[in-house]
Amino acid sequence: MGDNNKRGQWGSSIGFVLAAAGSAIGLGNIWKFPYLLGQNGGFLFLICYLIFIAVLGIPVMLGEFALGRRTQLNPLGAYRKIDKRFSFVGVMAILTPFLIVSYYNVIGGWVIKYIVSSPTGAAANLDFGAFIGGTEALVWHLIFAALVVFFCAKGASSIEAASKVMMPSIFIILIVVIIRSVTLPGATEGLKFMFANTDPEAGFSFAKSVPAALGQCFFSLSLGMGAMITYGSYLNKQENLPKQAIVVPLLDTSAALMAGFAIFPAVFAMGIEPNSGAGLAFMTLPKVFEKMPAGGLFGTLFFVLLLFAALTSAISLLECTISFTMDEWNWSRNKSLAILGVSTTVLGAIYSLCNGSILGGIMIGPMTIGGWMEFIPDYILMPIGGMLMCIMIGWVWKFDEPIREITNDGRIKFSYIAIWKACIKWLSPLLILAVFIIKLVEFLGSLA
Ligand code: TRP
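Note that the coordinates shown come from a computational prediction; the quantities given were computed from them, not determined experimentally. (Residues numbered from 1 in each chain as written. Predicted model: local features only at pLDDT ≥ 70, side-chain atom pairs only at ≥ 80, totals over all residues. Heavy atoms only, no water.)

A. Here's a closer look at the overall build of the protein chain. Summing up its helical and strand segments, the protein chain has 18 helices and two strands in all. For 448 residues, the compact-globule estimate of 2.2 N^0.38 gives 22 Å, and the C-alpha radius of gyration of the protein chain, at 21 Å, lies within 12% of that figure. Principal-axis analysis of the C-alpha atoms places the extent of the protein chain at approximately 55 × 50 × 45 Å. If you take every contact in the protein chain between residues at least 6 apart in sequence, the share linking residues at least 24 apart comes to 82%. In the structure as shown, the protein chain presents an accessible area of about 16,700 Å², 69% of it carried by carbon and sulfur atoms. Of the side chains in the protein chain, 28 bear a positive and 23 a negative charge, and the two mean positions are spaced by 8 Å. (Helix = DSSP H or I, 4+ residues; strand = E, 2+ residues; numbered from the N terminus. Rg over C-alpha atoms; globule rule 2.2 N^0.38 Å. Contact = heavy atoms within 4.5 Å. Areas by Shrake-Rupley, 256 points an atom, 1.4 Å probe, with all protein chains shown as cover. Lys, Arg positive; Asp, Glu negative; His and termini not counted. Charge placed at Lys NZ, Arg CZ, Asp CG, Glu CD.)

B. Seen up close, the nonpolar core. With 142 residues, the main nonpolar core has L67, W110, F282 and F302 as its most contacted residues. With sequence-adjacent residues up to four places away left out, W110 is seen in contact with W31, F128, F131, I132, A137, A278, F282 and N355. (Core = buried A, V, L, I, M, F, W, Y, C linked by side-chain atoms within 4.5 Å. Buried < 20%, exposed > 50% of the residue type's maximum accessible area, 1.4 Å probe, protein only.)

C. Geometry of the layout of surface pockets. Counted as a void, the largest pocket has a volume near 650 Å³. Lining the largest pocket are 30 residues, with Y35, M367, G371, E374 and Y379 sitting closest to its centre. Only α2 (27–39), α10 (206–220), β2 (367–368), α16 (369–396) and α18 (417–447) provide two or more residues apiece to the lining of the largest pocket. For the lining of the largest pocket, the element with the most residues is α16, which contributes six residues. Of the residues belonging to the lining of the largest pocket, the class tally is 14 nonpolar, ten polar and six charged. (1 Å grid on protein atoms, 1.4 Å probe; cavity = no way out; pocket = protein on both sides within 12 Å on 5 of 7 lines; lining within 4 Å. Points joined across faces, edges and corners; volume = space filled by probe spheres on them. Nonpolar A, V, L, I, M, F, W, Y, C, P; charged D, E, K, R; others polar.)

D. The site of the ligand, seen in detail. If you check the shell around the ligand, you find 15 residues, and the closest are A24, G28, Y104, F219 and S316. L27 has a polar backbone atom sitting 3.2 Å from an oxygen atom of the ligand. Contact between the ligand and G28: an oxygen atom at 2.8 Å from a main-chain N or O atom of the residue. In the complex, 100% of the free accessible area of the ligand, which totals 360 Å², lies under the protein chains. (Near = heavy atom within 4 Å. Polar contact = N/O pair within 3.5 Å; in protein donor to acceptor, adjacent residues only side chain to side chain.)

E. Quick peek at the pattern of salt bridges. By the definition in use, this model includes 14 salt bridges. A salt bridge links R404 to D409, with the shortest nitrogen-to-oxygen separation between them at 3.4 Å. Note on R404: relative accessible area 36%, which makes it partly exposed. Each member of the salt-bridge network shares a partner with another, and the members are R69, R70, K237, E401 and E405. (Salt bridge = Lys/Arg side-chain N within 4 Å of Asp/Glu carboxyl O.)

F. Expanded view of the environment of W372. Position of W372 among the secondary structure elements: in helix α16. With sequence-adjacent residues up to four places away left out, W372 is seen in contact with I364, P366, M367, P377 and F443. For W372, the side chain forms a polar contact with the main-chain oxygen of I364, separated by 2.7 Å.

G. Geometry of the side chain of N197. If you trace the backbone, N197 turns up in the loop between α9 (188–195) and α10. At a separation of 3.1 Å, a polar atom in the side chain of N197 contacts the main-chain carbonyl oxygen of G41. Of the polar contacts made by the side chain of N197, one reaches the backbone nitrogen of D199; its length is 3.2 Å. Apart from residues lying up to four places away in sequence, N197 is in contact with G41, F43, L44, K192 and A202.

H. Quick look at empty space enclosed by the protein. Inspection of the entire model under this criterion finds five cavities of 30 Å³ or more. Around the largest cavity, the lining comprises 15 residues; the ones closest to its centre are S23, F219, S222, S313 and L317. For the lining of the largest cavity, the elements supplying multiple residues, two or more each, are α1 (13–24), α5 (87–117), α10 and α14 (295–328). In terms of residue class, the lining of the largest cavity is made up of eight nonpolar, seven polar and no charged.

I. Representation of the state of the cysteines. Per the stated rule, a full pass over the model turns up zero disulfides. Free of any disulfide, C423 has its nearest cysteine sulfur in C390, 8.8 Å distant. Look at C423 and you get buried, because its relative accessible area is 9%. (Disulfide = S-S within 2.5 Å.)

J. Structural context of the environment of L191. Considering the arrangement of structural elements, one finds L191 in helix α9. Along the backbone, L191 and G360 are 169 residues apart, and their C-alpha atoms lie at a distance of 35 Å. Once residues lying within four places of it in the same chain are set aside, the contact partners of L191 are A196, F261 and P265.

See below:
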């Protein structure tokens, strides 16, 4: 990858896959997916999630790759080029990573705290709730945010290089932790929760869980905000887009499932409730490591890899926002980084303080400011952005263009054109709209 004036290209096909997977695989897989699964009843949520990945995630990702590679532009430029009326979708596509990276950095800070607390086993006894709401969390947040800015300043090519090392390591460490987790006495209960639990009391509710699964599908695959449009724009013309649009979601889903295997058997074996929310990975895993030989070492290793996963994603999130100010407003990289780095850090600090007594008591409607910072991207910006993208590709962009892009001008065979078209034109936008309405009704109901 290079700068935007002379559009760079990925060094190799595998480099692209790892970088796209590096963007997709992050806290969303290892932190958010397990906690949503735990809150939403396990198996039924998993089914919803997998259906969304198959019928929405893969087609929309292919659409984003095609749009990016065709236009060779950033998301806003790409939308504007196809149809001026859709420029606002491009603007939404910038606002989303801006909000996400703000709170993402806070979680990244928690990860660093857990790295330094793991070697001695202190992580197992940390009072998670008190920690995340206090002022100490702000210090770790600042350190993480500074790391992200530092890597971003070195240019985006570092993402590809870093991903090449970090991504394979993440899978290896996950396997080690899974082996420990599933061999604990009582671990099968956790597997049952993931793969067989249909108990309606366990947390699954249609109006809450289906929209959560949709939001997570977009979040986890980095869709609906132009990240994959940008990545597609760096792809060379020989690359096989349909293949990549399957491989990346496959890797991402595998990582999420593996995180589930690492966490749930242990959660149940330790008799911990699976629905503890955002603290699940932080409160449970240290307890697992405490019980294994050389646990301090494995625990540290695990959180280091979680840090890598978080870093590759956070760098690419920040890169999405600064590529906008660099392209559109002609800001230099350093100016963009300074202004956006500071503003996302301030916003993140507000998110962080909402977890405790300092700002946690201030409610805007049903949620704290921090709650809204997660709610708006997950339930509004990403789904609506994804829906408008489908509408634009399916109804505004003449269909033979994306098809030509996807088949490399007819040179590669893509047997699923009819299915893909149907997904992009009809199924995806209607499904997103339906889920959006369900969420809206649930939300308005919760206000009443
Ligand atoms: N997919 C990332 C994760 O699961 C988070 C993310 C969302 C992201 N959108 C992105 C990362 C855009 C990079 C770019 O953690």
